[in-house]
Amino acid sequence: MLHLGPEIAELRDELISAFNRVLDSGRFILGAEVEAFEHEVAEYLGVKHAIGVNSGTDALIISLRALGIGPGDEVITTPFTFFATASSIMLVGAKPVFVDIEYDSFNIDPELIEPAITPRTKAIMPVHLYGRPANMTRIMEIARRHNLFVVEDAAQSFGARWYAPGVTEASEAPYTGSIGDMGAFSFYPTKNLGAYGDAGMVTTNDDELALLARKLRTHGSIEPYQHEMLGYNSRMDELQAAILRVKLPRVEGWNNRRREVAAAFRNSLRASKHLAAPSDAQGHVYHQFTIRVDGDRAEFHQRALQRGISAVIYYPRLASDLIGANSDHLFVSQLATAESISLPIHASLSGEDEATISTFLSSVTTG
Ligand SMILES: *Cc1c(COP(=O)(O)O)cnc(C)c1O
């Protein structure tokens, strides 16, 4: 679905000088590159603190732990997401409470959050799925009213902006991961900002939470051999940070290219009676371009693969099903697992591939 070849060809010289810089420094973990990358991300996102960690999953776990969430606590989240959203909640000993998604956006339905709140609820964990921001205005209102924390799973949404109702200027639209109490990013190679290995980041505007996150990533210790709590080994590699520093200045342009491809695909779908693209949203960064098939999705999938279009089903099963929780009330999410399919979209997608997919989309009818 994603070929890094063209990207690597474009960046090779800069990558090699970044590698050389790290090799010459003799420092491979949590050094000058990680520190510089943390500052650059914090500045880009407009957030006070960015803490480099080992993965997006660790970023979620460390965020929850920094907020003191653990056994006996509940965290409200979406079932239509990658497994790590739910597993991170369980790994800290808390219970994920699943509420349904909006049909149109694939994101958590804010109107269903309040009825799911109990005396044990400690946090809301929205996911900006496929790069589309969840409704952060409503989520933050509900969180404030009920004294809950918000941890944004921004693994798929680096560079996405949330436009509150009435906002039209980008300068007034904050980046995802900068709005809640904590944000968690993944730099897994296929993400919109991807390393060439595992890496992740925690973001926050709170000094105390930032310090806790820094401790938690290094075995609960900032000063050597003073371990104040049980933490993790979740340090970011210098090589990954150096690679990400080469890529960060390009991410805005790459996200714009994704938007351009999405607009072309959307256009090709306009006449189809059986395929529907979700409505567009300002600030969306199209980590995936996910459509709904009204009819035989398996047949559509087969036809796409026959044309050499590597469509993928994200996600065939709900996180609630995977952990054995009740999914009976999650109708819209169940529909999404049955109907949706993602088409290749990335910044290096060639004009030729874009045309192949567009032609396929405008020609296909199913059912
Ligand atoms: C990728 C992803 C994660 C986990 O990130 P890793 O870096 O792979 O650990 C968490 N949540 C969502 C929604 C993701 O897409």
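Provided above is the structure to which this section pertains.
Trainee: When you look at a nonpolar patch on the surface in this model, what are you seeing that I'm missing?
Mentor: A contiguous nonpolar surface patch, about 270 Å² in accessible area, is contributed by Leu23, Phe28 and Ile29. Since its relative accessible area comes to 51%, Leu23 is described here as exposed.

Trainee: Please clarify how unusual backbone geometry should be interpreted in this entry.
Mentor: Generally, phi is negative for residues other than glycine and the peptide bonds are trans, each holding for most cases. Between Tyr314 and Tyr315 the backbone carries a cis peptide bond, its omega angle lying at 10 degrees. Mapping Tyr315 onto the fold places it in the loop between α9 (297–306) and α10 (319–322). Even without being glycine, Leu30 reaches a positive phi, approximately 40 degrees. Within the secondary structure layout, Leu30 lies in the loop between α1 (5–25) and α2 (32–45). Its identity is not glycine, yet Tyr286 carries a phi of approximately 45 degrees, on the positive side. As for its placement among the helices and strands, Tyr286 is situated in the loop between β8 (275–276) and β9 (289–293).

Trainee: Explain the sheet that holds β9 here, please?
Mentor: Each strand in a sheet pairs with another by means of backbone hydrogen bonds, the pair being arranged parallel or else antiparallel. Read across the open sheet, the three strands follow the order β8-β9-β10; overall the sheet is antiparallel. The outermost strands of the open sheet, each flanked by one partner alone, are β8 and β10 (340–343). Both β8 and β9 contribute to a ladder of two bridges, which runs antiparallel. Each bridged residue has a counterpart across the sheet, and for Ala276 the counterpart in β9 is Arg292.

Trainee: Teacher, can you tell me more about the packing of aromatic side chains here?
Mentor: Taken as a whole and judged by the stated rule, the model has 13 aromatic pairs. Ring centres 6.3 Å apart and planes at 85 degrees place the aromatic pair Phe80 and Tyr130 in the edge-to-face group. Of this pair, Phe80 sits in the loop between β2 (74–77) and α4 (83–91) while Tyr130 sits in the loop between β4 (121–125) and α5 (136–146), placing them 50 residues apart in sequence. As far as burial versus exposure is concerned, Phe80 and Tyr130 are alike and both buried. With 5.4 Å between their ring centres and 35 degrees between their planes, Phe300 and Phe360 make a pair best called tilted. With Phe300 in helix α9 and Phe360 in helix α12 (residues 351–363), the pair connects residues that are 60 residues apart, well separated along the chain. Assigned by exposure class, Phe300 and Phe360 land together as buried. Put simply, the rings of Phe37, Tyr44, Phe158, Tyr175, Phe185 and Phe187 pair up and form one aromatic cluster. In this structure, Arg161 packs its charged tip against the face of Tyr175, placed 4.1 Å from the ring centre.

Trainee: Explanation requested: the packing of α1 against helix α7 (residues 238–247) in the structure shown.
Mentor: To describe two helices that pack against each other, one gives the angle between their axes and the distance between the axes. Interaxial distance between α1 and α7 falls to 9 Å at its minimum, and their mutual angle equals 135 degrees. By the angle between their axes, α1 is oblique relative to α7. The two elements α1 and α7 cross, and the hand of that crossing is right-handed. Residues Glu7, Leu11, Glu14, Leu15, Ala18, Phe19, Arg21 and Val22 of α1 lie in contact with α7, whose contacting residues are Glu238, Leu239, Ala242, Ile243, Arg245, Val246 and Lys247. Its residues assigned to classes, the contact of α1 with α7 comprises nine nonpolar, no polar and six charged.

Trainee: Explanation requested: the environment of Glu74 in the structure shown.
Mentor: Relative to the elements of secondary structure, Glu74 occurs in strand β2. Using a relative accessible area of 5% as the deciding quantity, one classes Glu74 as buried. Along the chain, Glu74 and Met90 lie 16 residues apart, while their C-alpha atoms are 9.6 Å from each other. Separated by 2.9 Å, the side chains of Glu74 and Thr118 make a polar contact.

Trainee: Explain the nonpolar core to me, please; I cannot follow it from the model alone.
Mentor: As a rule of thumb, nonpolar side chains are buried together in soluble globular proteins. Judged by nonpolar contacts, the single largest core of 24 residues is most densely connected at Leu64, Ile69, Val75, Met125 and Val202. Among the secondary structure elements, those contributing two or more residues to this core are β1 (49–53), α3 (56–66), β4, β6 (182–186) and α6 (207–217). Considering every element that reaches this core, the biggest residue donor is α3, with six residues. Ignoring sequence-local partners within four residues, the contact set of Ile69 consists of Leu64, Val75, Val92, Ala94, Lys122, Ala123 and Phe149. Membership of the second largest hydrophobic core comes to 23 residues, among which are Leu45, Val47, Ala154 and Phe185.

Trainee: Got a minute to help me understand the site of the ligand in this structure?
Mentor: As a structural note, the neighbourhood of the ligand is formed by 14 residues, with Gly56, Thr57, Asp153, Ser186 and Lys191 the closest of them. Within the backbone of Gly56, a nitrogen or oxygen atom sits 2.7 Å from an oxygen atom of the ligand. For the shell around the ligand, the elements supplying multiple residues, two or more each, are α3 and α4. Looking at the shell around the ligand, its residues break down into five nonpolar, seven polar and two charged.

Trainee: Please explain the side chain of Ser186 as it appears in this structure.
Mentor: Within the secondary structure layout, Ser186 lies in strand β6. Look at Ser186 and you get buried, because its relative accessible area is 8%. From its side chain, Ser186 meets the backbone nitrogen of Tyr188 in a polar contact 3.1 Å long. Excluding residues that lie within four positions of it along the chain, Ser186 makes contacts with Gly56, Ala155, Lys191, Leu193, Ala199 and Gly200.

Conventions and cut-offs
- Residues numbered from 1 in each chain as written.
- Predicted model: local features only at pLDDT ≥ 70, side-chain atom pairs only at ≥ 80, totals over all residues.
- Heavy atoms only, no water.
- Patch = residues over 30% accessible without salt bridge, like charges linked within 9 Å, V, L, I, M, F, W, Y side chains within 5 Å.
- Areas by Shrake-Rupley, 256 points an atom, 1.4 Å probe, with all protein chains shown as cover.
- Salt bridge = Lys/Arg side-chain N within 4 Å of Asp/Glu carboxyl O.
- Buried < 20%, exposed > 50% of the residue type's maximum accessible area, 1.4 Å probe, protein only.
- Helix = DSSP H or I, 4+ residues; strand = E, 2+ residues; numbered from the N terminus.
- Pairing = 2+ DSSP bridges.
- Phe/Tyr/Trp six-rings, centres within 6.5 Å; stacked < 30°, edge-to-face > 60°.
- Lys NZ or Arg CZ within 6 Å of the ring centre and 35° of its normal.
- Axes fitted to C-alpha atoms, helices over the stretch in contact; angles between N-to-C directions.
- Parallel < 35°, antiparallel > 145°, perpendicular 65-115°, else oblique.
- Left-handed = near helix turned anticlockwise from the far one by under 90°.
- Contact = heavy atoms within 4.5 Å.
- Nonpolar A, V, L, I, M, F, W, Y, C, P; charged D, E, K, R; others polar.
- Polar contact = N/O pair within 3.5 Å; in protein donor to acceptor, adjacent residues only side chain to side chain.
- Core = buried A, V, L, I, M, F, W, Y, C linked by side-chain atoms within 4.5 Å.
- Near = heavy atom within 4 Å.

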